[in-house]
Number of protein chains: 2
Amino acid sequence: MALVAEAATIGRVIPVWRSKLLKSLAQNKRLANSRYVQLATVRPDNRPANRTVVYRGFLSDEDDSLTFVTDSRSRKVGEVAANPAAEVAWYFPETREQYRISGNLTIVDAGSTDSAMQAARKRVWHNMSDPGRQQFAWPHPGLPRHLEDPKAWDGPAPGPNDPVLDTFCLVVLHVDEVEQLKLKSNERFLYRRQAAAAGAGGQAEEATAQGAVTWVEEPINP
Amino acid sequence: MALVAEAATIGRVIPVWRSKLLKSLAQNKRLANSRYVQLATVRPDNRPANRTVVYRGFLSDEDDSLTFVTDSRSRKVGEVAANPAAEVAWYFPETREQYRISGNLTIVDAGSTDSAMQAARKRVWHNMSDPGRQQFAWPHPGLPRHLEDPKAWDGPAPGPNDPVLDTFCLVVLHVDEVEQLKLKSNERFLYRRQAAAAGAGGQAEEATAQGAVTWVEEPINP
């Protein structure tokens, strides 16, 4: 186990796993589905849920959380409220790598009072495609189809500068652990947030807020 | 909600979702990674685990369970013993479809006394590639890499007719529910095993053994 060498930027260090992930995204960018990841959560009945979602970028240059979007009426919103734990499995076909990224989820809905998170929600809405935005005006996802008016699917798509629909939620994954598996070279690396000294949870929170988080890298057997 | 029209074969009906999945596999077969799926389970601490695994076929022509393989030393073996619930997310890039497949897992290890399952374990071992078989002779997966002799990775690969290594496990997903989402046409279908009448669990088991399982199809909103 070794402390990770980190590239310094203005004001903070970039975790090695973030740099690696950005490199993988660049190397696989000819494939649209290299931005599709599988997000697993746990339902209230202790069974897993797993679905494909589109990666919408890191939360910011300063925050290594991953972002996705969801509909406020989808089943996962209630499930995440009961258990925020999540693990993303992300396979890159071109480079033959897998990342497993785990942490806790926050759902940012229309009622969220966190101004930074609301700003992120608006920014991601703005950056969506028109068909992507249109889905949030569709009928309730998952309900029986025959109850719906066929014309319910044909409404105009909201534009990038139209008001954010109330059904539009930002999903933020606060990352605690990342595992990278490289199938070509049979290498496997584990990255873990450095634990705060002497079990001081409060100190760890503070370190995060100050951007002083340390990550530990460990090469493990594939 | 409507009973599914099913194609009759010798001795039993094929569930519509199985026929659809086989068609999707055929339509996507130029992509090796169209056989890679993400398998989610729940850890004993109620956090989800999610990893990419290779689909190894249906258990048999008569049994609609999906098969995968794992190493007896991997963390998921203990996790599945504590909670067998699983959900597979399977994205097909060529046809732009997602299947979510949920049910319970059985791990068939070297000590399993079920002769049909042992036969399936041997068959899947036989059908693996040489590099695929070789991994089961590697050092303990997930342990720190620096503890290992570099030469530990270079042993000869067992051949298809060599004895099955004890570390080799068959993973069987007994399917209870399937959801298909077609992104091109914005269609979504839910397939559920027909519940046994009046809560008679024993009867449902019997129906399964006789191949008389009924699946219910429901079109739902995307």
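As a reminder, the structure under discussion sits directly above these lines.
What counts, and where the lines are drawn
- Residues numbered from 1 in each chain as written.
- Chains lettered and ligands numbered in written order.
- Predicted model: local features only at pLDDT ≥ 70, side-chain atom pairs only at ≥ 80, totals over all residues.
- Heavy atoms only, no water.
- Contact = heavy atoms within 4.5 Å.
- Buried area = accessible area lost by both parts, 1.4 Å probe.
- Salt bridge = Lys/Arg side-chain N within 4 Å of Asp/Glu carboxyl O.
- Polar contact = N/O pair within 3.5 Å; in protein donor to acceptor, adjacent residues only side chain to side chain.
- Helix = DSSP H or I, 4+ residues; strand = E, 2+ residues; numbered from the N terminus.
- Nonpolar A, V, L, I, M, F, W, Y, C, P; charged D, E, K, R; others polar.
- Least-squares fit on C-alpha atoms with pLDDT ≥ 70 in both.
- Expected span 1.5 Å × (residues − 1).
- Buried < 20%, exposed > 50% of the residue type's maximum accessible area, 1.4 Å probe, protein only.
- Arc of directions from axis to C-beta.

> Explain the interface of chain A and chain B to me, please; I cannot follow it from the model alone.
Interface size is commonly expressed as the accessible area that is lost once the parts come together. Tallying the contact residues gives 48 residues for chain A and 48 residues for chain B. Across the chain A to chain B interface the summed buried area is about 3,800 Å²; carbon plus sulfur atoms make up 47%. Our count for the chain A to chain B interface comes out at 2 salt bridges. Of the charged contacts, one joins Glu 87 of chain A and Arg 43 of chain B as a salt bridge, the two residues approaching to 3.5 Å between their closest N and O atoms. The interface formed by chain A and chain B contains 26 residue pairs in polar contact (both at pLDDT 80 or more). Elements with a contribution of two residues or more to the side of chain A that touches chain B: strand E4 (36-42), strand E5 (48-54), strand E7 (85-92), strand E8 (97-108), strand E10 (187-193) and strand E11 (215-219) of chain A. The residue makeup of the side of chain A that touches chain B, split by class, is 22 nonpolar, 15 polar and 11 charged.

> Is there a simple way to explain the relation of the copies chain A and chain B in this structure?
Structural alignment of chain A on chain B gives an RMSD of 0.0 Å, achieved by rotating through 180° and translating 0.0 Å along the axis. One copy is carried onto the other by what is essentially a two-fold rotation axis. A high fraction, 100%, of the interface residues of chain A reappear at the interface in chain B, so the copies pair face to face through one surface.

> Could you clarify how one ought to interpret helix H3 (residues 115-127) of chain A in this entry?
One turn of an α-helix holds 3.6 residues; hence residues three or four places apart share an orientation. All names here are of chain A. For H3, with 13 residues, the first-to-last C-alpha span of 18 Å sits near the 18 Å given by 1.5 Å per residue. Considered for burial, the residues of H3 that qualify are Met 117, Gln 118, Ala 120, Arg 121, Val 124 and Trp 125. Relative to the axis of H3, the buried residues are bounded by an arc of 160° and lie together on one face. Turned more than 90 degrees from where H3 packs its buried face, Ser 115, Ala 116 and Asn 127 sit exposed. Residues of H3 that are buried make contact with strand E6 (66-71), E8, helix H4 (130-134) and strand E9 (168-182). The backbone nitrogen of Ala 116 has a side-chain oxygen 3.1 Å away, supplied by the residue at the start of H3, namely Asp 114.

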